[in-house]
Amino acid sequence: MKQSQTLIPTLREIPTDADIKSHQLLLRAGFIRQTASGVYSFLPLGKRVLRKVEEIVREEMDNAGANEMLMPALQPSELWMETGRWNTFGPELMRLHDRHNREFALGATHEEVITSLIRDEVKSYKKLPLMLYQIQTKFRDEKRPRFGLLRGREFIMKDAYSFHDSYESLDTGYKKMYQAYTKIFKRCGLNFRAVIADSGAMGGKDTHEFMVLSEVGEDTIAYSDTSDYAANIEMAPVVSTYTKENEPLKELEKIATPNQKTMQEVADYLNHSLSKGLKALMFKVDEQLVLVVTRGDHEVNDIKLKNLYDASVVELATEEETRTVIGAGFGSLGPIGVNEEIEVVADHAVEFVANVSCGANDNGYHYVNVNPERDFKISKYADLRFIQEGDSSPDGNGTILFAKGIEVGHVFKLGDFYADKMGAKYLDDNGKAKTMVMGSYGIGVSRTLAAIVEQYHDENGITWPSDVAPFQVHLLAINSKKEEQRLLADDIYQTLKSAGIEVLYDDRKERAGVKFTDSDLIGIPYRITVGKRAEEGYVEFKTRVGGEQSDLHQSDILEKVNKLLGK
Ligand code: ATP
Ligand code: MG
């Protein structure tokens, strides 16, 4: 492609609205432009990389026995009502009306559409298992669209769905997808981990997220320093054991703690460590009020709370609601003397504390020398806190460390959640109607593109891995006005193109400095510069990473490039 004939609007300055490297570089190197918040155009270079990632995804999906199809983005509300998600999906679902005032959604995901399709088209066990996928634009009205392509409101996803006649068959399909995902992200050159994730209320147990390791990741991964255990911290169980504090129980005392609100302020004021205080938070679990007690140095994990109650919605009660039932605000909440309609549950660690402090349910007061069971009742103990660095690894091997990750893929055993609600049944070999078992498997294709840039850049620009680079060779004519340079560059361009090599040819009438800067920014793996030695047939060959540079004769270029590309 000739640079003079395409659209690569590079920028010298860092755009002020872009906080992270991938967003800045994709804008600066002219790969994308924002059209609205969280909505992007892919310019020619961006589209090329997108297509490369999509091709890798397609090849591995096809190898895993999945078949490509395409479903509509426009989905009637009736389908979402069948599963109840018209109500539960919330404001993330983009909704609209047609001219007859019928309600539609723009597809945020396609479980409803595909399940209704398969319910109508597949009737016999002989057709199962069946694995289908599509690569398509998804719409989600994210609360905080940010970080460019990482969290958009319109983005490209590969979503696959599998249908089975048994859980064993689902296990097999799931494994195949897991392996395909591993291959895909390896081929994209990514440093990633597959981590155990939360399956929420979706029935099936297994679910893994594929996380690209990156400081800008919004998820935290808990991994073992010695084994290959890795989980999303939302989900990692705490298996640490505690020992009962061996001190004589002291007398309960109520103490004024004026203006001390946070756990840290109270701990400082009472001159004890964070772990010597109890934290109490009021949650609404579906409609029930639950007071959750943890040690002051621990954080409540609301997903564990949700799973404990098998609830659909868990949220913190507002300060107003808390005040109404407890008579005190957040700053002095505690488990002593709360009325019986409120269930008090505690994290396991609470069972082992002695003589701790907690809020007195009286603004500006705390109790000290509090002892669970003696001073308040707990209806149940459970694992209710987030795992922390230094905790034992849940698999029994090693100690937990944290890393940040960008979720690029998600494999999920749905079980019969959708099939049951939507009546997707097949006849087994005895002619008996049974509910299908399903899996779903997503890859954020556009997010993956950005994740690659997060891992592949230096101070001058992007450093694309060869398999996903927009072009393999960047050909620069230093001074296109000079006849011999233009002729040689034209010639090399034709030779490489005819050999099937993807070349971006900078034939613009720009200064050499501009061409070099743009070239580094765009980040194509190999650069051929036609300059002073054009008359002798010599060019300069340079790799984007490492910056190795050598003079090369025109006649050796094709061989060199083929060798580097493994052709
Ligand atoms: P997240 O926790 O990041 O919101 P999710 O759990 O909502 O992700 P899924 O519903 O599992 O995501 O979607 C499948 C894949 O689609 C994700 O693994 C991710 O790579 C991608 N994805 C999800 N939301 C977005 C978004 N807003 N922008 C870009 N990619 C996204
Ligand atoms: Mg989401």
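Residues numbered from 1 in each chain as written. Chains lettered and ligands numbered in written order. Predicted model: local features only at pLDDT ≥ 70, side-chain atom pairs only at ≥ 80, totals over all residues. Heavy atoms only, no water.

*Asks:* Tell me about the overall build of the protein, residues and numbers included.
*Replies:* A tally of regular secondary structure across the protein gives 14 helices and 31 strands. Its C-alpha atoms give the protein principal-axis dimensions of about 95 × 70 × 50 Å. Counting the 567 residues in the protein, one finds 52% classified as buried. Sequence separation of at least 24 residues holds for 69% of the intrachain contacts in the protein that already meet a minimum separation of 6. (Helix = DSSP H or I, 4+ residues; strand = E, 2+ residues; numbered from the N terminus. Buried < 20%, exposed > 50% of the residue type's maximum accessible area, 1.4 Å probe, protein only. Contact = heavy atoms within 4.5 Å.)

*Asks:* Please set out the site of ligand 1 residue by residue, giving values where relevant.
*Replies:* In the vicinity of ligand 1, 14 residues are found, and the nearest of them are E142, R151, G152, E407 and H410. Contact between ligand 1 and E407: an oxygen atom at 2.6 Å from a side-chain N or O atom of the residue. At a separation of 2.9 Å, an oxygen atom of ligand 1 approaches a polar side-chain atom of H410. Burial of ligand 1 by the protein amounts to 82% of the accessible area it has alone, namely 580 Å². Looking at the shell around ligand 1, the elements that each hand over two or more residues are β8 (154-164) and β21 (400-415). Here the shell around ligand 1 takes four residues from β21, the largest share from any one element. (Near = heavy atom within 4 Å. Polar contact = N/O pair within 3.5 Å; in protein donor to acceptor, adjacent residues only side chain to side chain. Areas by Shrake-Rupley, 256 points an atom, 1.4 Å probe, with all protein chains shown as cover.)

*Asks:* Describe the sheet that holds strand β30 (residues 538-543), and please don't skip the residues or the numbers.
*Replies:* The strand order across the open sheet built from five strands is β28-β27-β29-β30-β31, with neighbouring strands paired in mixed fashion. Where the open sheet ends on each side, the last strands, each with one partner, are β28 (503-506) and β31 (549-553). Shown here is a sheet whose adjacent strand axes are inclined to one another by a mean of 25°, direction ignored. Note that β30 and β31 share five bridges and pair antiparallel. Its bridge partner lying in β31, K542 is registered against Q549. Strands β27 (473-477), β28 and β29 (526-530) of the sheet are contacted by helix α13 (residues 512-522), whose axis makes an angle of about 175° with β27. (Pairing = 2+ DSSP bridges. Axes fitted to C-alpha atoms, helices over the stretch in contact; angles between N-to-C directions.)

*Asks:* Requested: an account of unusual backbone geometry, with residues and values cited.
*Replies:* The linkage connecting L128 with the following residue, P129, adopts the cis geometry, with an omega of 0°. In this structure, P129 sits in the loop between α5 (111-121) and β7 (130-139). One non-glycine residue, N361, adopts positive backbone phi at about 55°. Residue placement: N361 occurs in the loop between β18 (356-359) and β19 (365-370). Judged by relative accessible area, which is 14%, N361 ranks as buried. Phi at E373 is positive, roughly 75°, even though this residue is not glycine. Inspection of the secondary structure assignment puts E373 in the loop between β19 and β20 (380-382).

*Asks:* Can you break down the packing of helix α12 (residues 483-498) against helix α14 (residues 557-564) residue by residue, with the values?
*Replies:* Packed helices, taken two at a time, are described by the angle between their axes plus the distance between the axes. Contact pair α12 / α14: the axes reach a minimum separation of 10 Å and the direction vectors enclose 45°. When the axes of α12 and α14 are compared, the pair comes out oblique. Taken as a pair, α12 and α14 cross one another with a handedness that is right-handed. In this structure, α12 contributes I492, T495 and L496 to the contact, and α14 contributes I557, L558 and V561. Looking at side-chain class alone, the contact of α12 with α14 contains five nonpolar, one polar and no charged residues. (Parallel < 35°, antiparallel > 145°, perpendicular 65-115°, else oblique. Left-handed = near helix turned anticlockwise from the far one by under 90°. Nonpolar A, V, L, I, M, F, W, Y, C, P; charged D, E, K, R; others polar.)

*Asks:* Give a detailed account of α12, specifying residues and quantitative values.
*Replies:* A rise of 1.5 Å per residue sets the reference length of α12, with its 16 residues, at 22 Å; its end C-alpha atoms lie 22 Å apart and thus fit the reference within 8%. Of all the positions in α12, only Q485, L488, A489, I492, Y493 and L496 are classed as buried. In a view along the axis of α12, the buried residues occupy a sector of 140°, so they form one face of it. Tucked inside the fold, the buried residues of α12 contact β27, β28, β29, β30 and α14. Residue G500 follows α12 closely and has a positive phi angle near 80°. (Expected span 1.5 Å × (residues − 1). Arc of directions from axis to C-beta.)

*Asks:* Please give an account of the sheet that holds strand β13 (residues 253-256) that cites residues and values.
*Replies:* Read across the sheet, three strands follow the order β13-β19-β18 without closing on themselves; strand pairing throughout is antiparallel. The strands lining the two open edges of the sheet, one partner per strand, are β13 and β18. Strand after strand, the sheet turns through a mean of 30° between neighbouring axes, direction not considered. With three bridges joining them, β18 and β19 adopt antiparallel strand pairing. Residue G359 lies in a different strand from β19, and its bridge partner there is H366.

*Asks:* Quick rundown of the nonpolar core? Include the residues and the values.
*Replies:* Most often, soluble globular proteins keep nonpolar side chains buried together rather than apart. Ranked by internal contacts, the top residues of the largest apolar core, which has 60 residues, are L26, F31, M61 and W464. Shared between two domains, this core takes at least three residues from each, and those domains are domain 1 (44-236 + 402-453) and domain 3 (473-564). When near neighbours in sequence (up to four residues on either side) are disregarded, M61 contacts A66, Y133, K158, A160, M177, A180, Y181 and I184. (Core = buried A, V, L, I, M, F, W, Y, C linked by side-chain atoms within 4.5 Å. Domains from an automatic or database assignment.)

*Asks:* Residues and numbers for the pattern of salt bridges, please.
*Replies:* Per the counting criterion, the structure on display carries 41 salt bridges. With its nearest N and O atoms 3.8 Å apart, the salt bridge here joins D120 to R119. Relative accessible area serves as the criterion here: at 47%, D120 is assigned to the partly exposed category. E315 is the salt-bridge partner of K284, the closest N and O atoms lying 3.8 Å from each other. Of this pair, K284 sits in strand β14 (residues 278-285) while E315 sits in strand β16 (residues 314-316), placing them 31 residues apart in sequence. What makes K284 buried here is its relative accessible area of 18%. A network of salt bridges, in which partner residues are shared, links R12, D506, R508 and D518. (Salt bridge = Lys/Arg side-chain N within 4 Å of Asp/Glu carboxyl O.)

*Asks:* Please set out the domain arrangement of the protein residue by residue, giving values where relevant.
*Replies:* Domain boundaries assigned for the protein yield domain 1 (44-236 + 402-453), domain 2 (253-382) and domain 3 (473-564). Placing the centre of domain 2 and that of domain 3 at their C-alpha centroids yields a distance of 67 Å.

*Asks:* Lay out the pairing of strand β6 (residues 103-106) in plain terms, naming residues and giving numbers.
*Replies:* Of the strand pairs in this sheet, strand β4 (residues 74-76) and β6 are connected by three bridges, and their pairing is antiparallel. In the strand pairing of β6, L74 is matched with L106. In terms of strand pairing, strand β5 (residues 94-97) meets β6 through four bridges, oriented antiparallel. In the strand pairing of β6, L96 is matched with F104. The hairpin formed by β5 and β6 contains five residues between the paired strands, and N101 there has a positive phi angle of roughly 70°.

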